[in-house]
Amino acid sequence: MTKPPRVVIIGAGIVGSSLADELTERGWTDVTVVDQGPLFATGGSSSHAPGLVFQTNASKTMTELASYTVRKLSGLTLDGQWCFRQVGGLEVATTEARWTDLKRKHGLATSWGIEGTLLGPEECAALHPLLDPSTVLGGLHVPTDGLANAVRAVEAQARRAMERGARFLGGHTVVGIGQENGSVTGVETDQGFIAADIVVCAAGFWGPGIGRMVGLTIPLLPLAHQYAKTGQVASLIGVNDARSEANKPILRHQDQDLYYREHGDRIGIGYYGHRPMPVDVDEILSPAQAPVMPSVLAFTEEDFARAWQETVSLLPELAETKVEEGFNGIFSFTPDGGPIMGEHRELSGFWVAEAVWVTHSAGVARAMAEWLVDGQPRVDVHECDLHRFEEVQLAPDYIAERGRQNFIEVYDIIHPLQPMERPRPLRTSPFYPRQQQLGAVFLEGAGWERPYWYEANAGLLDTVDVPERDAWSARYWSPVAAVESAVTRERVAMYDMTPLKRLEVSGPGALDFLQRLTTNNLAKSVGSVTYTLMLGHDGGVRSDLTVARLGENLFQVGANGPLDEDWMRQQLPADGSVGVRDITGGTCCIGLWGPLARDLVSPLTREDFSHAGFRYFRAKKAYIGEVPVTALRLSYVGELGWEIYASADTGLKLWDTLWGAGQELGVIAAGRSAFNSLRLEKGYRSWGTDLTTEHDPYEAGLGFAVRMDKGDFIGRAAIEGRSEETVRRRLSCLTLDDPTALVMGKEPVFAAGTAVGYVTSASYGYSIGRTVAYAWLPSAVSVPGTPVTIGYFGEQLPATVAAEPLFDPQMERIRR
């Protein structure tokens, strides 16, 4: 039996102690946790955290991490005292916009398996009698939410870990990380060196400083956040004893950026409505220097004035008391609001678990332990992965700007398509000037400016019939998308596909490498294009790829993002026979699609673009006018056409050449709004939205991309014996019965009145005249013709499971 590795965890806060507990429970008992502060109130964010745990989140992953935290902490006590008090959570609405959003949030809770109830004003006041019911329109009550006592939870988990052999060392400041031959060897502290095979940085807002010791950017921004306590509240005197501390639900008043909890006979008030207060990690005092603790700064009363006014309005009895104490507490924000988990790629054995709030602490710790011990977490964590960011997103100014913006928006109503406004533009394709001239409306993703529709096409609106939309689904949308969809189906359109990640895989070992990495057979002739999957060792889908064989030892891989490159680099052979290179920034791509695509491109090239001369799923080098290109005959929209790649320096010339030649054919530029509608009509999946590592190929309807007879590949053993007939759930196509009804994604799906699944992607299908939605459903419900309903802002919209694809099921349009 292999001896478990030696592990050092930097940080004895809520994450570090929970990780030690999870690791030792799995038999990794040689664990040392070090912290510069005293045990177990070490002075980080955990030591001052108010402890409110609201589980419901727009992210399924974040909700699952929070739910596990609730379950785990609910089972812990420390010397007979609670670590989690399940008083429930109540979010109230004082505006129509918030009340509407609570209906959406109730749908999210239902989708992710969280029990919740929408309440009227009087019902809210019955749960929390301090509330003035005349000030609220209603609320969302989740009975399993509650209060975590973070310091107790830290010690309770630490004790369990120590009973299994772990040790915790307070008063040990990390001054360096031992390294040799690209691997960690341990941690250097001011008390001496501690040898280790694995080091996990769970240092909270000190994380970026630890990261610098190993040349790693940990993209988080420490920010101060206000928390205050009132004096005694008359109606609470004698209600909460010293052991219970609180009995009323934790309360959120997000319209005014406020939250509340009881502290015996006083009320604690947290406030996000003040100016962002970033803190330089290098200026944070040590535990020995800090007047209270390093994470607690002086309270700035002037920033709290409006918070108190709004508090008294919502909770009138508090007018009889006052704020008696407060502080500005430091905690961490990231560019996208998610935690940061994963291993340093340049230093084997150095891991991070950073920017984790108490709400998600035990869930993150379990996922980290599974990652370390088993090789992969059971929960999909691509939203939390250290390597999810593009290089441009790691610039210090970017991290600071997005961190501040995430603080400002923490309680805002955020639309799923809503982009950050700054810093923009950051990444643009060579076509950007022409897109601006055509009135492109840009949203943003991974730093790229992405056209969603073009106002230049608004003159064609009288050619389409578009149903009215509700206010929510009409945001970041235009009826112009219907025009662009119709022109793609009827004539020809140009789509900017530049932001999609492109990797070059080359070398004498490239084919064997890709064969081992993916599910489909890539041992085909030069010029072949293959749709394939990358699986984890557990058989879950890590990504879907389009692989073009451009030479005997040269492949172009259409990927989903930085995590695909990271996974590939982890699997590279040590002999140097394979190289992986990100070519996205140096190249560009136009998707030229529509029944007239061949009529447009053929006169511009001397290569044969006929059906016989250029078959579906083939690649060819060519010149389009004077521009050297690589053309791939594929289509993500279900129409004849090509993805046409060129170097970035010739991109504008490529656009102008195609655009000029296409004028007599009625060519238009089209955006991602139409693109998403068209791909759903064809049943094309989007990894990260429709499927993740939690799903296998057969559940996702992608079994056709698996060739079990091609030889071994990562994940093959895990899916041996599985098939589309054996699955218990399926990604299923739904159409809404009402041709004017709309859903957006993440809504709950009901069968016979019971929640059975959730929507992944949805869009109005302009070609079929109704909304198309994809949803995860039990196999018994996924049968075409089965009636279901979808919960949308509290309404039940009838829908029907449909056979897929809905559009051109014989693939005649693509293959003509």
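One structure accompanies this document, and this report is about it. (Residues numbered from 1 in each chain as written. Predicted model: local features only at pLDDT ≥ 70, side-chain atom pairs only at ≥ 80, totals over all residues. Heavy atoms only, no water.)

Considering the side chain of R98
Here is the rule: Only DSSP runs of H or I with at least four residues qualify as helices, and only runs of E with at least two residues qualify as strands; both kinds are numbered from the N terminus onward. Summary of the burial criterion: residues with accessible area below 20% of their type's maximum are buried, those above 50% are exposed, and those between are partly exposed, where the area comes from a 1.4 Å probe applied to protein chains only. Every residue pair with non-hydrogen atoms within 4.5 Å of one another is taken to be in contact.
Along the chain, R98 turns up in helix α4 (residues 96–111). Residue R98 is classed as buried on the basis of its relative accessible area, which comes to 5%. Setting aside anything within four residues of it in sequence, one finds R98 in contact with V92, A93, Q254, D255, Y411, D412 and I413.

Considering the sheet that holds strand β28 (residues 502–506)
Selection criterion: DSSP calls a pair of strands paired once it identifies at least 2 bridges connecting them. Axis geometry follows a simple rule: fit a line to the C-alpha atoms, using only the stretch in contact for helices, then measure angles between N-to-C directions, giving values from 0 to 180 degrees.
The antiparallel open sheet is built from five strands, whose spatial order is β29-β30-β31-β28-β32. Edge positions in the sheet fall to β29 (529–535) and β32 (579–582), since each has one partner strand and no second. Across the sheet, the mean angle separating the axes of adjacent strands is 30 degrees when strand polarity is ignored. Relative to strand β31 (residues 554–558), strand β30 (residues 541–551) runs antiparallel, the two being bridged by five bridges. Bridge assignment links R549 to a residue of β31, and that residue is F555.

Observations regarding the packing of aromatic side chains
Operational definition: Each Phe, Tyr or Trp ring, with Trp reduced to its six-membered ring, pairs with another whose centre is within 6.5 Å; inter-plane angles below 30 degrees give stacked pairs, above 60 give edge-to-face pairs, and intermediate values give tilted ones. Working rule: Lys NZ or Arg CZ, within 6 Å of ring centre, within 35 degrees of ring normal, means a charge sits over the ring.
All told, the structure shown has 32 aromatic pairs when counted by the stated rule. Judged by centre distance (4.8 Å) and plane angle (85 degrees), the ring pair of Y616 and F617 falls under edge-to-face. Chaining the aromatic ring pairs together yields one cluster made of Y227, Y259, Y272, F327, F331, F333, W357, F407 and Y411. Here the guanidinium or amino end of R729 rests over the ring plane of W776, the centre of that ring lying 5.4 Å away.

Looking at the sheet that holds strand β39 (residues 748–751)
Strand order in this closed barrel of six strands is β38-β41-β40-β39-β42-β43, and the pairing throughout is antiparallel. Between one strand axis and the next, the sheet turns through 45 degrees on average, direction left out of account. In this structure, strand β38 (residues 729–736) lies alongside strand β41 (residues 770–778), joined through seven bridges in antiparallel fashion. Across the sheet, residue C733 finds its bridge partner in β41, namely Y774.

Considerations on the packing of helix α1 (residues 14–25) against helix α9 (residues 361–374)
When two helices pack together, their arrangement is given by the angle between the helix axes and the distance between those axes. We count it as follows: Every angle not falling under 35 degrees, over 145, or within 65 to 115 is termed oblique; those three ranges are roughly parallel, roughly antiparallel and roughly perpendicular. A clockwise turn of the near helix away from the far one marks a right-handed crossing, whereas an anticlockwise turn of less than a right angle marks a left-handed crossing. For this scheme, ten residues count as nonpolar: Ala, Val, Leu, Ile, Met, Phe, Trp, Tyr, Cys and Pro. Four count as charged, namely Asp, Glu, Lys and Arg, and the remainder, Gly too, count as polar.
At a closest axis distance of 8 Å, the pairing of α1 and α9 adopts a crossing angle of 45 degrees. What the angle tells us is that α1 and α9 run oblique. Note that α1 runs across α9; the crossing there is right-handed. Residues I14, V15, S18, L19, E22 and L23 of α1 touch α9, and the partners they reach there are S361, A362, A365, R366, M368, A369, L372 and V373. Looking at the contact of α1 with α9, its residues break down into ten nonpolar, two polar and two charged.

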